[in-house]
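Descriptive analysis of the structure
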Amino acid sequence: MELLVRYLDRSNSFSSDMTQELIKEEKLRDDLRYYFMSPCEKYRTRRHIPWKMGVQILKIVMITTQLILFGLNNQLVVAYKEETTMALKNLFLKGYTGVDEDDYSVAVYTQQAVFDSLFYVLDQYSQLGQLSVGPISYAEEDGKLLPLTICKEYYRNGSLEPSDETYDIDAHLETDCMSHDPRTANMWRTQNASFFSLDFYRLVNIKISFQLKGINLQTVRHRELPDCYSFHVTIIFDNQCHSGKVKLFLDIDAESNACKDWKISGTAQKNTHYLLVFDGFVILVCITSAVLCTRSIILAVGLLQRFSRFFQENFNRKVCEDDQSEFLNGWYVLVIVSDLLAIVGSILKMEIQAKSLTSYDVCSIFLGTSTLLVWVGVIRYLGYFQKYNVLILTMKAAFPKVLRFCCCAGMIYLGYTFCGWIVLGPYHEKFEGLSRVAECLFSLLNGDDMFTTFAQLKDKNILVWLFSRAYLYSFISLFIYMVLSLFIALITDSYETIKNYQRDGFPLTDLQKFLLGHKDFPVQEEIGQTEVELSNSIRHCYCCQRAPPSDDVILIS
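Residues numbered from 1 in each chain as written. Predicted model: local features only at pLDDT ≥ 70, side-chain atom pairs only at ≥ 80, totals over all residues. Heavy atoms only, no water.

An unreviewed UniProt entry lists the protein under the name Mucolipin TRP cation channel 2, with Xiphophorus maculatus as the source organism. What UniProt records for the protein under Catalytic activity (unreviewed entry) is the sentence "Ca(2+)(in) = Ca(2+)(out)". (UniProt positions renumbered as here; feature names shortened; annotations may be inferred.)

Structure (structure tokens):
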């Protein structure tokens, strides 16, 4: 009788252990199924409200609205700077036609034209208050007008006799500068006539620099507070080439800052407060989104650890890398990065609205990038539908092959870039710099501007002209008819592979088999240390159960 009792107790204990294991396995399977469900499926299963999806939708609307409001304001700022630059060129450059000739604004070819242009700048500057129609005036510091500065740079000593083909030049450069109050510019010119005595064969350049102040009043009409600007103007007479052509450059470095004393009536100040509140709410929504996505990542890591431990204990198997990557959702990382960029951009925007900062370009980069990533993240929700998921799967399948292909094609592209720069650079404006050559070749690769590129090459050097034809024809034939066609073929091949898998079914991994309730997971045997490298590759293929190459198979979650 006692033996019977012991047997029954042992049987009950064994049954209880088996029941606990089954319950543990089913609970893990339910948790995994729930994690990989879409937001709608989660709501139907457990009535769990999809907070993350709701926050993402709200964030898209708010960040896009914020970007549009800031973009309209930024356009006003850029337009003001560009129009002010154009106005100053017309004011200070004699003979300026409104269009820059090349990278310079005006060119002069005689000594008298140089003096006329130089004195024209001084005369116009001394009459700025009577000439300019915009709110621009001289800059002041501590109640005193900042002076205009003129410097000339020239070779220390030298003599030239082109007719005898002789020269004697001291290559050391000397610089003489003078400055004067803008209101006495005419007097300065007469009292320092010796300064304007120029030896043009020794002259390298003349640089005139001064500072102006301005106020951007157009923002008032858009219910924004006006900014005050400091314009650091530099006019250069460039004679470095000594070719008989003196180039005139006018460069402006504009700095915006908050006005020291201002008063405005109307709704501009109220509108600023509303925008600050709106930006603060955007920051709050982005923080909420980042917290929810971080929480999801932490839960995913916990599930991965449970799943890995279960497989190791029950099947003596490790979870393959592809199954592990299913838990590490890259969309969450993308959302968190976009949230951080949006938070930083919103803070900068608030500082700009409060006139504490003027970094419009930096703020636009943060807001623009965050908006780009937010809209890209919308694809995640479209991926729950099979017909919309084709784009994502094709990109994931084609990316490794396309990346390797681009590395090989890039070597050829760089070779053409360097070759075109060194040979055609002196004769063609599109090949003057490495970046311009790369841009020109990329345009040709896409079929843009072909005839202009051929026609603009100077044919004075017949050897270079012949080389240019061989260079351009070979590049266009190679990249358009071969490289670009192969590039498209790689993507098309991946697309066809994905379509076939969607029709016939994707290969099942261990994770998907477990979710479907399969029990056939062969136990891996222990192997020696000398077989580690071989076993790793076998385990990867065996774990993922894939006959085709890894580039052609992408799992969906």
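This brings us to a negative patch on the surface. A cluster of acidic residues, E101, D102, D103 and E429, forms a negative patch on the protein surface. As for its placement among the helices and strands, E429 is situated in the loop between helix 12 (390-424) and helix 13 (434-445). Given the relative accessible area of 39%, E429 is considered partly exposed. (Patch = residues over 30% accessible without salt bridge, like charges linked within 9 Å, V, L, I, M, F, W, Y side chains within 5 Å. Areas by Shrake-Rupley, 256 points an atom, 1.4 Å probe, with all protein chains shown as cover. Salt bridge = Lys/Arg side-chain N within 4 Å of Asp/Glu carboxyl O. Lys, Arg positive; Asp, Glu negative; His and termini not counted. Charge placed at Lys NZ, Arg CZ, Asp CG, Glu CD. Helix = DSSP H or I, 4+ residues; strand = E, 2+ residues; numbered from the N terminus. Buried < 20%, exposed > 50% of the residue type's maximum accessible area, 1.4 Å probe, protein only.)

With that out of the way, let us pick up a nonpolar patch on the surface. A cluster of nonpolar residues, M411, I412, L414, F418, W421, I422 and L434, forms a patch on the protein surface that exposes about 680 Å² of accessible area. The element contributing the most residues to the nonpolar patch is helix 12, with six residues.

Time to look at the pattern of salt bridges. Working definition: two side chains of opposite charge can pair if their charged atoms are close together. Evaluation of the coordinates by the stated rule reveals six salt bridges. For K401, the salt bridge identified is with D493, shortest N-O distance 3.4 Å. Of the two residues, K401 is situated in helix 12 and D493 in helix 15 (residues 462-504); the sequence distance between them amounts to 92 residues. Where E432 meets R436, a salt bridge forms, and the shortest distance between an N and an O atom there is 3.3 Å. Assessed through its relative accessible area of 43%, E432 is described here as partly exposed.

A few words now on the UniProt feature "transmembrane region" (unreviewed entry) in the protein. Under the local residue numbering, the UniProt record ascribes the feature "transmembrane region" (unreviewed entry) to residues 274-304, 331-348, 360-382, 402-424 and 470-491. What you have in residues 331-348 is 100% helix and 0% strand, and the ends, taken at the C-alpha atoms, are 26 Å apart. As a span, residues 470-491 carries 100% helix and 0% strand, and end to end its C-alpha atoms are 31 Å apart.

The next thing to look at is empty space enclosed by the protein. Counted by the stated rule, this structure contains one cavity of 30 Å³ or more. Considering only enclosed or pocket space, the largest cavity measures out at about 30 Å³ in volume. In this structure, the largest cavity is lined by V114, F200, L203, F237, N239 and V246. Considering only residue class, the lining of the largest cavity consists of five nonpolar, one polar and no charged. (1 Å grid on protein atoms, 1.4 Å probe; cavity = no way out; pocket = protein on both sides within 12 Å on 5 of 7 lines; lining within 4 Å. Points joined across faces, edges and corners; volume = space filled by probe spheres on them. Nonpolar A, V, L, I, M, F, W, Y, C, P; charged D, E, K, R; others polar.)

Turning our eyes to something else, we now look at the state of the cysteines. Counted by the stated rule, this structure contains one disulfide. Linked covalently through their sulfurs, C151 and C177 form a disulfide whose S-S length is 1.9 Å. Its S-S torsion of about 115 degrees marks the bond between C151 and C177 as right-handed, since a negative value means left-handed. You can see C151 sitting in strand 5 (residues 148-155) and its partner C177 sitting in strand 8 (residues 173-180), a full 26 residues away along the chain. (Disulfide = S-S within 2.5 Å.)

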